[in-house]
Amino acid sequence: MKATIYKSTGSWYTVKDEAGQWHNARMKGIFKIDSITSTNPIAVGDQVEIDVEDEAENTAIITEIHPRRNYINRQSPRTKHQHHIVASNLDQSVLVATLKEPKTSQGFIDRFLVASEMFHVKAIIVFNKADLFKKKEQEKFEEMKEMYEKAGYKVFLTSTTENTGIEALQDQLKDKTSLISGHSGVGKSSLLNVIFPEMNLKTQGISGWSGKGQHTTTFAEMFDLPFGGRIIDTPGMREFGLVDISKQEISHYFPEMRSRLNDCQFNNCLHVNEPGCAIKQAVIDAEISEDRYVSYVNIMESIEEKTW
Ligand SMILES: Nc1nc2c(ncn2[C@@H]2O[C@H](COP(=O)(O)OP(=O)(O)OP(=O)(O)O)[C@@H](O)[C@H]2O)c(=O)[nH]1
Ligand SMILES: [Mg+2]
Ligand SMILES: [Zn+2]
């Protein structure tokens with residue numbers, strides 16, 4: 001019987017079968033998955049085959065994993081050479097960012113967007129905590145919104161305390177499977193709670209952002225949305241390491257660069273020192289944001305430092 005993974009807690013998985021019945025399932029034996037070295041063989045979002053083991057106890061055995069349409073993985077915090085699959089079979093990846101309490105850097109946002117492009121998952125950006133904005137943050141937001149929209153990304157502005165911007169976000173989530181990511185404390189779980197109050201997810205509490213970087217959500221979990229679609233809440237991430245990316249590839253993951261690559265004089269152009277570079281020209285002409293270009297160069301440099 002076909003089923004979908006909603007949650008993983010160690011060796012047990014919460015799955016929902018095609019008839020809408022929930023089971024506690026575990027894997028039987030060891031089966032080979034893809035060629036990637038991941039720390040978790042089964043991830044939230046995976047489509048699997050199950051055999052019901054015990055009707056009364058609602059337990060089942062996972063016998064097979066269906067090929068993934070796509071997946072997002074992150075470097076394992078423990079071993080750099082291993083990956084952890086966060087979720088699979090996604091329609092979009094939602095980055096929740098904040099301009100204060102805590103501040104999400106542009107470098108982080110851009111790395112996130114590059115990773116989403118690498119995984120072929122459409123990304124959108126939600127700036128939360130709009131209620132905390134003073135003039136400075138409001139201006140910064142307008143600037144970033146313009147920059148990211150020009151690059152081809154949708155940008156949303158929300159506040160969970162004032163309930164603003166929520167409907168537009170709901171429309172964007174409807175009938176899709178979305179993964180929510182962002183630093184700890186940006187309000188990922190809070191957002192899901194206002195989108196779907198019955199969800200009742202644990203959040204950091206009314207004292208607000210502590211600045212201590214404690215994670216409230218500790219594992220990825222998927223939920224069905226009452227208006228159609230599914231959403232996956234994840235624990236906050238500290239930084240974003242890009243793995244398995246070559247310098248030559250990076251510009252392909254900046255949509256505003258990708259569309260201009262054919263215009264560079266050299267087809268192996270890295271858009272740094274080469275003559276006849278269409279990307280640098282577009283930056284000079286303000287067709288590509290200088291800040292996005294700086295992120296591009298920073299990512300290039302971080303790859304140079306990689307020693308393996
Ligand atoms: N002022 C303000 N505070 C918010 C808003 N959204 C969330 N918060 C607060 O921010 C804190 C963190 O919210 P959470 O929803 O737990 O954050 P999270 O992103 O799920 O964090 P982790 O689970 O640790 O990754 C809580 O104290 C919320 O009350 C908002 O729109 N405005
Ligand atoms: Mg959370
Ligand atoms: Zn170039």
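Residues numbered from 1 in each chain as written. Chains lettered and ligands numbered in written order. Predicted model: local features only at pLDDT ≥ 70, side-chain atom pairs only at ≥ 80, totals over all residues. Heavy atoms only, no water.

A. Geometry of helix α3 (residues 166–173). Along α3, the residues that are buried comprise I166, L169, Q170, Q172 and L173. Seen from one end, α3 has its buried residues packed into an arc of 160°, which puts them on one side. Facing away from the buried side of α3 by over 90 degrees, the exposed positions are E167 and D171. Looking at the buried positions of α3, the neighbouring elements they touch are β8 (92–97), β9 (122–127), β10 (154–157), β11 (177–181), α4 (188–195) and β13 (230–233). Immediately beyond the C-terminal end of α3, within one or two residues, lies D175, with a positive phi of roughly 65°. (Buried < 20%, exposed > 50% of the residue type's maximum accessible area, 1.4 Å probe, protein only. Helix = DSSP H or I, 4+ residues; strand = E, 2+ residues; numbered from the N terminus. Arc of directions from axis to C-beta. Contact = heavy atoms within 4.5 Å.)

B. Main features of the packing of helix α1 (residues 106–118) against helix α2 (residues 135–151). As a packed pair, α1 and α2 sit with axes 13 Å apart at the nearest point and diverge in direction by 20°. Taken together, the axis directions place α1 and α2 in an arrangement best described as roughly parallel. In this structure, α1 crosses over α2, and the sense of that crossing is right-handed. Contacts from Q106, I109, D110 and L113 of α1 reach α2 at M144, M147 and Y148. Across the contact of α1 with α2, the residue classes break down as five nonpolar, one polar and one charged. (Axes fitted to C-alpha atoms, helices over the stretch in contact; angles between N-to-C directions. Parallel < 35°, antiparallel > 145°, perpendicular 65-115°, else oblique. Left-handed = near helix turned anticlockwise from the far one by under 90°. Nonpolar A, V, L, I, M, F, W, Y, C, P; charged D, E, K, R; others polar.)

C. Expanded view of the coordination of the zinc ion (ligand 3). Every protein donor of the zinc ion (ligand 3) is accounted for by C264 (SG), C269 (SG), H271 (ND1) and C277 (SG), and the metal-donor separations fall at 2.1 to 2.4 Å. For the zinc ion (ligand 3), the four donor atoms in the first shell make angles of 103 to 118° at the metal, so the coordination geometry reads as tetrahedral. Motif for the zinc ion (ligand 3), donor spacing along one chain: C-x4-C-x1-H-x5-C. Of the two residues examined, C264 and H271, each falls in the buried class. (Donors = N, O, S within 2.8 Å, 3.2 Å for Na, K, Ca; no water. Tetrahedral: all angles 85-135°; square planar, octahedral: opposite > 155°, others 65-115°.)

D. Looking closely at the pairing of strand β3 (residues 22–27). In terms of strand pairing, strand β2 (residues 12–17) meets β3 through five bridges, oriented antiparallel. Residue pairing across strands places W12 opposite R26, the latter belonging to β3. With four bridges joining them, β3 and strand β5 (residues 59–65) adopt parallel strand pairing. Bridge pairing in β5 places A25 opposite A60. (Pairing = 2+ DSSP bridges.)

E. Fine view of the pairing of strand β4 (residues 47–54). Relative to β4, strand β1 (residues 2–9) is paired through three bridges, and the arrangement is antiparallel. Each bridged residue has a counterpart across the sheet, and for K2 the counterpart in β4 is E49. Here β4 hands over to β5 after four residues, with N58 in that stretch at a positive phi of 60°.

F. Quick look at the nonpolar core. Core analysis: the largest hydrophobic core is formed by 56 residues, its most contacted members being I109, F127 and Y148. When contributions to this core are tallied by element, the ones reaching two or more residues are β7 (83–88), β8, α1, β9, α2, α7 (278–284) and α8 (290–304). Top element by residues in this core is α1. It accounts for seven residues. With sequence-adjacent residues up to four places away left out, Y148 is seen in contact with Q106, I109, D110, L113, I125, Y153, V155 and R292. (Core = buried A, V, L, I, M, F, W, Y, C linked by side-chain atoms within 4.5 Å.)

G. Representation of the environment of V94. Within the secondary structure layout, V94 lies in strand β8. Each C-alpha atom of the pair V94 and S178 lies 6.7 Å from the other, and the pair is 84 residues apart in sequence.

H. Here's a closer look at the side chain of Q106. In this fold, Q106 is placed in helix α1. Looking at Q106, its side chain comes within polar contact range of the main-chain oxygen of D291, at 3.4 Å. If we ignore the near neighbours within four places in the chain, the residues touching Q106 are M144, M147, Y148, D291, R292 and S295. (Polar contact = N/O pair within 3.5 Å; in protein donor to acceptor, adjacent residues only side chain to side chain.)

I. Summary view of unusual backbone geometry. The residue after E101, namely P102, is reached through a cis peptide bond having omega -5°. Mapped onto the elements, P102 comes out in the loop between β8 and α1. In this model, N58 sits at a positive phi of 60°, which is unusual for a non-glycine residue. The topology assignment puts N58 in the loop between β4 and β5.

J. Summary view of the pattern of salt bridges. Counted according to the given criterion, the structure contains 12 salt bridges. Across the pair E256 and R292 runs a salt bridge, and its minimum N-O distance is 2.7 Å. In this pair, E256 sits in helix α6 (residues 255–258) while R292 sits in helix α8, placing the two residues 36 residues apart along the sequence. Taken individually, E256 and R292 each receive the classification buried, so the pair is uniform in this respect. The closest approach of N and O atoms between E287 and R260, which form a salt bridge, is 3.3 Å. With E287 in the loop between α7 and α8 and R260 in the loop between α6 and α7, the pair connects residues that are 27 residues apart, well separated along the chain. Through salt bridges with shared partners, one network takes in D110, E256 and R292. (Salt bridge = Lys/Arg side-chain N within 4 Å of Asp/Glu carboxyl O.)

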